Amino acid sequence: MKKGEIYEGKVEKTTFPNKGHVYVEGKPEPVTVKNALPGQTVSFCLTKKKHGKFEGNLLSVVTPGRDELAKPACVHAGICGGCIYQSLPYEKQLQIKQEQVLSLLRPVLPDADELFEGIKKSPRQFGYRNKMEYTFGDEYKGGPLSVGMHKRGAFYDIVPVTGCRIADADFGMILKATGDYFRERKIPHFHRMRHDGYLRHLLVRKAAYTEEILIDLVTTGANLYETGLITEWKDLILKLPLEGKIAGILHTTNDSVADVVKDEGTQILYGRDSFEETCLGLSFTITPFSFFQTNSLGAEVLYETAREYISGELDESEKIVYDLYSGTGTIAQLLAPAAKKVIGVEIVEEAVDAARINAKKNGLDNCEFLAGDVLKVLDEITEKPDLIVLDPPRDGVHPKALNHIISYDVDSILYISCKPTSLARDLVPLQAGGYRVRRLCCVDMFPGTANVETVALLSKRRERI
């Protein structure tokens, strides 16, 4: 096979997160083609050929897979870069995710299949996301202003995903109104190459239980208040016939060059700068940029699983628990009633502030939250842990931090992973440090997408006397 040539082949399997393994007739080696689904016959262009490994870009689906739906669940399927499984029944999605996780864990955990307790469904398949970060840009190069998600395989093109199935219907209404408003007034988006323009992101969050909505428009620091544009946009949003109740409308400025949602100053246009949500009977105040699981109902399944896994480890209720990468302190507060003390560590200061507020609101006086990098903060804590909970970001635990965690020699570690490749990597030093996996399962927090949470309980191997 030659680079630049177009081929057809059948997808025999997919590996995490979205890699289809395509076999071309007469060729022994598979070609990795992203976003191709099991059973499909696809057309692709070969883009890489090195050391017997091949990669290609998906051009089209020649024949759908046997398990695919006659019509995808979402009108944006195949166009938006967010979801890849909207053409598959939910049970098939779960089956694929389960096998992908196990295939990653088997090389480092030979008894993975025996330990695995299955994959738990999200309570909602659609409309489950409580947070969306939309980007302003051109709908196509040189085209009209758009706000939405990046087009699959494109760096600049923005798809106005007003019909998105994984987000609440209110999100689509807010998205459409905002896009129409600024497009009609010809307000330019921030151009990443020229570093000019105004509009950057639209952040929308909505609580599943309280149905409170928080909306944040992120722009450069150019002053449009004098023109009345910001105030007029706010008034427009307040008039929308939303099902939820708007808790706050904010305006955040961001003049950084990087294409990230960054807070360099936030002004409240209406209401307050936070909204309220509940999880397993506890109340949480959530601010625009603080971490909270994007699937509120799925989070209850995840945290209930975590609580069940370590319930036996906290029977004495006199134990010190470390909750590392604690976010807004959800896990810490769920464990606090059964522990002597829970110490949470989180690098995002805004999330730590929210965690402290939440713990006070929930009447929990045995929670302490520290702001900073886990690797550095661990050296500053004098109280040693009896149990450690890890819920790191996608890259997993820093190797030096992991060595420090192993050195505590606690009886049990609960590892919650949002990226199974990172978990597989971190299990190697954990097992070398004397730990063994006792329980293992997945929780699907992200239907329609390739992402999945994995929960593993590890215990220290103690020599019998």
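Above this text is the structure in question.
> I'd like a description of the side chain of glutamine 93, backed by residues and values.
Along the polypeptide, glutamine 93 turns up in helix α1 (residues 90-105). Under the relative-accessibility criterion, glutamine 93 is labelled buried at 1%. At a separation of 2.8 Å, a polar atom in the side chain of glutamine 93 contacts the main-chain amide nitrogen of glycine 448. Excluding residues within four positions of it along the chain, glutamine 93 makes contact with Tyr85, Leu88, Gln125, Pro447 and Gly448.

> Give a detailed account of the packing of aromatic side chains, specifying residues and quantitative values.
Under the criterion given, the structure shown has six aromatic pairs. On the basis of an interplanar angle of 85 degrees and a centroid distance of 4.9 Å, the ring pair of tyrosine 181 and phenylalanine 182 is categorised as edge-to-face. Owing to a relative accessible area of 4%, tyrosine 181 belongs among the buried residues under this scheme. An aromatic cluster of three or more residues is present, and its members are Phe136, Tyr181, Phe182 and Trp233. In this structure, arginine 165 packs its charged tip against the face of phenylalanine 126, placed 3.9 Å from the ring centre. Directly above the aromatic system of phenylalanine 190 lies the positively charged group of arginine 200, at a separation of 4.1 Å from the ring centroid.

> Can you explain the pattern of salt bridges? Please cite residues and give values.
Counting across every chain of the model gives 25 salt bridges. Two residues, glutamate 55 and lysine 48, come together in a salt bridge whose shortest N-O distance is 4.0 Å. Overlapping salt bridges bring together Glu99, Arg106 and Asp113 as one network.

> Requested: an account of the nonpolar core, with residues and values cited.
Soluble globular proteins tend to bury their nonpolar side chains together. Counting residues in each nonpolar core, the largest one holds 77 residues, and the members touching the most others are Tyr134, Leu202 and Trp233. Not counting residues within four places of it along the chain, the set of residues in contact with leucine 202 comprises Met132, Glu133, Tyr134, Phe136, Val147, Ile174, Leu175, Thr178, Ile215, Asp216, Leu217 and Trp233. If you look at the next biggest cluster of nonpolar residues, it comprises 42 residues, including Val397, Ala401, Tyr415 and Ala424.

> Let's hear about the pairing of strand β10 (residues 199-206): which residues, and what values?
Most of β10 is tucked away: eight of the eight residues are buried. Where strand β7 (residues 131-138) meets β10, five bridges bridge the pair, whose relative direction is antiparallel. The partner of glutamate 133 across the bridge, within β10, is leucine 203. Between β10 and strand β11 (residues 212-219), which pair antiparallel one after the other, the connecting turn spans five residues, and glutamate 211 there sits at a positive phi close to 60 degrees.

> Break down the environment of glycine 52 for me, citing the residues and quoting the values.
If you trace the backbone, glycine 52 turns up in the loop between β4 (41-50) and β5 (53-63). Taking the relative accessible area as the measure of exposure, glycine 52 reaches 44% and is therefore partly exposed.

> Any chance you could break down the sheet that holds strand β16 (residues 320-324) for me, citing the residues and the numbers?
Consider a sheet: its strands pair through backbone hydrogen bonds, and that pairing is either parallel or antiparallel. What the eight strands build is an open sheet, ordered β6-β21-β22-β20-β19-β16-β17-β18; its pairing is mixed. Looking at which strands have only one partner, the edges of the open sheet turn out to be β6 (116-120) and β18 (367-371). For this sheet, the mean angle separating the axes of adjacent strands, direction not counted, is 15 degrees.

> Give a description of the sheet that holds strand β8 (residues 145-150) that names residues and reports values.
Strands sit in the order β9-β8-β7-β10-β11-β12-β13 across an open sheet of seven strands; the sheet is mixed. Each edge of the sheet is formed by a strand with only one pairing partner; in this case those strands are β9 (158-159) and β13 (266-271). Lying on the sheet, helix α3 (residues 169-184) is in contact with β7, β8, β10 and β11; it crosses β10 at an angle near 160 degrees. Strand contacts of helix α4 (residues 229-238): β10, β11, β12 (245-253) and β13, with the helix running at about 160 degrees to β12, the strand carrying the most contacts.

> Residues and numbers for the packing of α1 against helix α10 (residues 420-432), please.
Two numbers describe how α1 lies on α10: the axes approach to 9 Å, and their chain directions differ by 25 degrees. Between α1 and α10, the crossing angle belongs to the class labelled roughly parallel. Where α1 crosses over α10, the two elements pack in a sense that is right-handed. Contacts between α1 and α10 involve Val101, Leu104 and Leu105 from the first element and Pro420, Thr421, Leu423, Ala424 and Leu427 from the second. A class-by-class count of the residues in the contact of α1 with α10 yields seven nonpolar, one polar and no charged.

> Tell me about the state of the cysteines, and please be specific about residues and values.
Inspection of the entire model under this criterion finds zero disulfides. Sulfur of cysteine 74: no disulfide; nearest cysteine sulfur belongs to cysteine 164 and is 5.7 Å away.

> A description of unusual backbone geometry should follow, citing residues and the corresponding values.
Residue proline 17 is bonded to the preceding phenylalanine 16 through a cis peptide linkage, with omega at -5 degrees. Looking at the secondary structure, you find proline 17 in the loop between β1 (6-15) and β2 (19-23). Positive phi outside glycine occurs at asparagine 35, with the angle close to 70 degrees. Tracing the backbone shows asparagine 35 in the loop between β3 (31-34) and β4. Phi is positive for histidine 51, which is not a glycine, with a value near 55 degrees. Histidine 51 sits in the exposed class, given a relative accessible area of 75%.

> Would you mind going over the environment of alanine 351 in detail, with residue names and values included?
Along the chain, alanine 351 falls in helix α7 (residues 349-361). A sequence separation of 304 residues divides alanine 351 from threonine 47, and the C-alpha atoms of the two residues are 42 Å apart. Alanine 351 has contacts with Ser290, Phe291, Gly327, Thr328 and Glu346, leaving out every residue within four places of it along the chain.

> Break down α1 for me, citing the residues and quoting the values.
For α1, which comprises 16 residues, the first-to-last C-alpha distance of 23 Å matches the rise-based estimate of 22 Å (1.5 Å per residue) to within 8%. Along α1, the positions that sit buried rather than exposed are Tyr90, Lys92, Gln93, Leu94, Ile96, Lys97, Gln100, Val101, Leu102 and Leu105. On its buried face, α1 sits against β1, α2 (112-115), β6, α10, β21 (435-443) and β22 (453-460).

> So, the side chain of serine 87: which residues are in play, and what are the values?
As for its position among the elements, serine 87 is in the loop between β5 and α1. Residues contacting serine 87, with those up to four places away along its chain left out, are Leu37, Asp67, Glu68, Leu69 and Pro72.

Analysis parameters
Residues numbered from 1 in each chain as written. Predicted model: local features only at pLDDT ≥ 70, side-chain atom pairs only at ≥ 80, totals over all residues. Heavy atoms only, no water. Helix = DSSP H or I, 4+ residues; strand = E, 2+ residues; numbered from the N terminus. Buried < 20%, exposed > 50% of the residue type's maximum accessible area, 1.4 Å probe, protein only. Polar contact = N/O pair within 3.5 Å; in protein donor to acceptor, adjacent residues only side chain to side chain. Contact = heavy atoms within 4.5 Å. Phe/Tyr/Trp six-rings, centres within 6.5 Å; stacked < 30°, edge-to-face > 60°. Lys NZ or Arg CZ within 6 Å of the ring centre and 35° of its normal. Salt bridge = Lys/Arg side-chain N within 4 Å of Asp/Glu carboxyl O. Core = buried A, V, L, I, M, F, W, Y, C linked by side-chain atoms within 4.5 Å. Pairing = 2+ DSSP bridges. Axes fitted to C-alpha atoms, helices over the stretch in contact; angles between N-to-C directions. Parallel < 35°, antiparallel > 145°, perpendicular 65-115°, else oblique. Left-handed = near helix turned anticlockwise from the far one by under 90°. Nonpolar A, V, L, I, M, F, W, Y, C, P; charged D, E, K, R; others polar. Disulfide = S-S within 2.5 Å. Expected span 1.5 Å × (residues − 1).

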